[in-house]
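One letter stands for each residue in the lines below.
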Protein chains: 2
Amino acid sequence: MAKRVTGPEIEKLIQLLAKVPGLGPRSARRAALHLVKKKDQLLGPLADAMGEAHRKVRICSCCGNVDTSDPCTVCTDVRRDHAVIIVVEDVSDLWALERAGAMNAAYHVLGGTLSPLDGVGPDDLNIRGLVDRVVKGGVRELIIAVNATVEGQTTAHYITDQLSGLEVKITRLAHGVPVGGELDYLDEGTLTAALRARTAI
Amino acid sequence: MAKRVTGPEIEKLIQLLAKVPGLGPRSARRAALHLVKKKDQLLGPLADAMGEAHRKVRICSCCGNVDTSDPCTVCTDVRRDHAVIIVVEDVSDLWALERAGAMNAAYHVLGGTLSPLDGVGPDDLNIRGLVDRVVKGGVRELIIAVNATVEGQTTAHYITDQLSGLEVKITRLAHGVPVGGELDYLDEGTLTAALRARTAI
């Protein structure tokens with residue numbers, strides 16, 4: 001903006017909103033205006049919710065989930081089968097798998113994948129904590145649900161290596177055709193994997 | 001989410017973020033996670049900025065702009081020509097025109113357009129305040145910069161009517177081809193207007 005048309009407090013709000021993923025400089029301005037217009041219905045409550053989250057948010061010392069309590073909601077949920085641990089790269093993957101609601105298991109968030117080029121080694125990830133959980137006993141199965149990328153697969157292999165000798169079943173997500181996906185748009189690797197793992201109808 | 005995977009404070013933050021324009025339920029979750037991960041760099045400052053904006057934001061009693069002071073930054077800017085008032089529908093239009101930076105004028109925000117079908121009459125808009133500003137004197141020109149919609153044009157006519165007899169020049173934005181626009185994609189009305197208002201090269 002060439003000249004200032006509003007107070008510094010609102011300009012600052014716009015600048016910070018522009019850093020939120022999903023909002024750019026232009027939509028941050030639109031969002032700020034909307035918030036300011038609905039100041040009592042939305043801006044106030046959102047400010048309070050953010051302050052509350054800022055004060056209370058913790059990283060779970062057991063699984064790495066983001067929560068306001070430590071251990072987190074998932075780790076303390078007695079209705080879950082804590083003998084099965086789903087290993088994910090990021091908290092967003094944990095949330096995505098929970099949305100699917102297919103498993104009733106515990107989780108372990110690695111916080112990334114091994115990537116020597118980016119300088120991410122085993123000590124930068126929460127792998128030690130995972131090994132400790134398995135060593136402590138009571139874990140029957142580890143489902144390694146990392147992304148199907150080179151870094152993800154490298155990380156999966158490294159974890160499998162670290163756990164060799166321990167009595168735990170290690171599995172990975174199936175490769176195949178996405179539900180609702182069209183064959184024409186899929187890569188050869190996926191099609192090959194889907195053919196190899198074909199099932200009887 | 002089928003089962004709770006995080007604390008109620010974070011769930012509440014996601015719900016409120018989903019109401020921000022530009023964010024939906026899915027991107028609100030992504031945004032919340034990003035905020036929580038950058039809690040000291042982004043979440044805390046944003047909470048403070050929102051709280052500050054919530055406490056301080058005012059609608060300018062003179063022009064209707066959103067600001068933290070009343071009269072607002074624009075109305076108190078001595079470097080502007082306050083004899084020229086640009087009449088806009090919404091604060092976002094004021095901000096958009098200021099980004100263009102073509103004029104150094106004052107503004108008047110109507111807060112909408114006349115729309116009998118939606119029950120919006122003259123008393124619901126800030127038209128009385130505009131007439132008062134002109135009656136008080138010192139206004140040379142009123143540039144009616146409402147949207148080129150039926151409601152916008154109706155509002156423009158109504159305002160012109162209300163000001164008949166007062167000594168003020170009333171103008172409107174030019175119609176024509178948008179800069180960078182392709183003729184092929186323009187409607188007939190715009191092309192006709194652009195042809196009629198053609199200028200010598």
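For the structure given in this document, a descriptive report is provided here. Along each chain, numbering runs from 1 in the same order as the chain's sequence is written. Key to labels: chains lettered from A, ligands numbered from 1, both in the order written. The predicted origin of the model limits local features to residues at a pLDDT of at least 70 and limits the giving and counting of side-chain atom pairs to 80 or more, whereas totals for whole chains, interfaces and linings rest on all residues. Think of the side-chain values as coming from all heavy atoms in the structure, minus any hydrogens and water.

1. Remarks on the nonpolar core
Remark: nonpolar core denotes a set of buried residues (Ala, Val, Leu, Ile, Met, Phe, Trp, Tyr, Cys) joined through side-chain atoms within 4.5 Å. With a 1.4 Å probe rolled over the protein chains alone, any residue whose accessible area is under 20% of its type maximum counts as buried; one over 50% counts as exposed, and the rest are partly exposed. Formed by 78 residues in total, the largest nonpolar core has its most connected members in A:Leu17, A:Met50, B:Leu17 and B:Met50. Each domain's extent is set by a domain assignment, obtained either automatically or from a database. Two domains each provide a minimum of three residues to this core, namely domain 1 (8–56) and domain 2 (82–172) of chain A. Contacts were defined at the residue level, with two residues in contact if any of their heavy atoms lie within 4.5 Å. Beyond its immediate stretch of four places on either side in the chain, B:Leu17 contacts A:Leu46, A:Met50, B:Leu23, B:Ala28, B:Ala31, B:Ala32 and B:Leu35.

2. Things to note about the pairing of strand E3 (residues 81–88) of chain B
All names here are of chain B. Strands are runs of DSSP state E lasting at least two residues, helices are runs of H or I lasting at least four, and both sets are numbered from the N terminus onward. Counting buried positions along E3 yields six of eight residues, so the element is predominantly enclosed. With five bridges connecting them, E3 and strand E4 (residues 105–109) associate as parallel partners. Directly across from Ile-85, in E4, lies its bridge partner Ala-106. Seen with its strands pointing away from the viewer, a crossover is right-handed if its path from the first strand over the helix to the second goes clockwise. What joins E3 to E4 is helix H4 (residues 91–100), and the crossover it makes is right-handed. Strand pairing is assigned whenever DSSP detects at least two bridges linking the two strands.

3. Examining the sheet that holds strand E6 (residues 169–172) of chain B
Residue and element names in this part refer to chain B. Read across the open sheet, the four strands follow the order E4-E3-E5-E6; overall the sheet is parallel. Sheet topology places E4 and E6 at the edges, where each strand pairs with a single neighbour. Direction aside, the axes of adjacent strands within the sheet are offset by 25 degrees on average. Alignment of E3 against strand E5 (residues 141–144), held across four bridges, turns out to be parallel. Its bridge partner lying in E5, Ile-86 is registered against Ile-143. Orientation is described by lines fitted to C-alpha atoms, with helices fitted over the stretch in contact, and by angles between N-to-C directions that extend from 0 to 180 degrees. Packing against the sheet, H4 makes contact with E3 and E4, and its axis sits at approximately 160 degrees to E4.

4. Details of the relation of the copies chain B and chain A
Here the copies are superposed with least squares, the fitted atoms being C-alpha atoms of residues at a pLDDT of at least 70 in both. After a rotation of 180 degrees and a shift along the axis of 0.0 Å, chain B superposes on chain A with an RMSD of 0.0 Å. The two molecules are tied by a two-fold rotation axis, judged by turn and shift. Judged by C-alpha distance, B:Ala47 is the residue of chain B that lies nearest the rotation axis, at 2.4 Å. Interface overlap between copies is the fraction of interface residues in one copy that are interface residues in the other; for chain B against chain A it reaches 100%, indicating a shared surface.

5. Describing the interface of chain B and chain A
Listed as interface residues are 61 residues of chain B and, on the opposing side, 61 residues of chain A. Together, the buried faces of chain B and chain A total about 5600 Å²; carbon and sulfur atoms form 70% of this surface. The salt bridge definition used is simple: a Lys or Arg side-chain nitrogen within 4 Å of an Asp or Glu carboxyl oxygen. Connecting chain B to chain A are four salt bridges. Close ionic contact of B:Glu9 with A:Lys56 constitutes a salt bridge, the shortest N to O distance being 3.2 Å. For the purposes of these results, a polar contact is taken to be a pair of N or O atoms within 3.5 Å, where, inside protein, one atom must be able to donate a hydrogen and its partner to accept one; residues adjacent in sequence count only when each atom of the pair is a side-chain atom. Counting across the chain B and chain A interface gives 16 residue pairs in polar contact (both at pLDDT 80 or more). If you list the elements that add at least two residues to the side of chain B that touches chain A, you get helix H1 (8–17), helix H2 (25–37), helix H3 (39–56), strand E2 (66–67) and H4 of chain B. With 15 residues, the single largest contributor to the side of chain B that touches chain A is H3(B). As a working definition, buried area equals the accessible area (1.4 Å probe) given up by two parts on being put together, with both sides summed.

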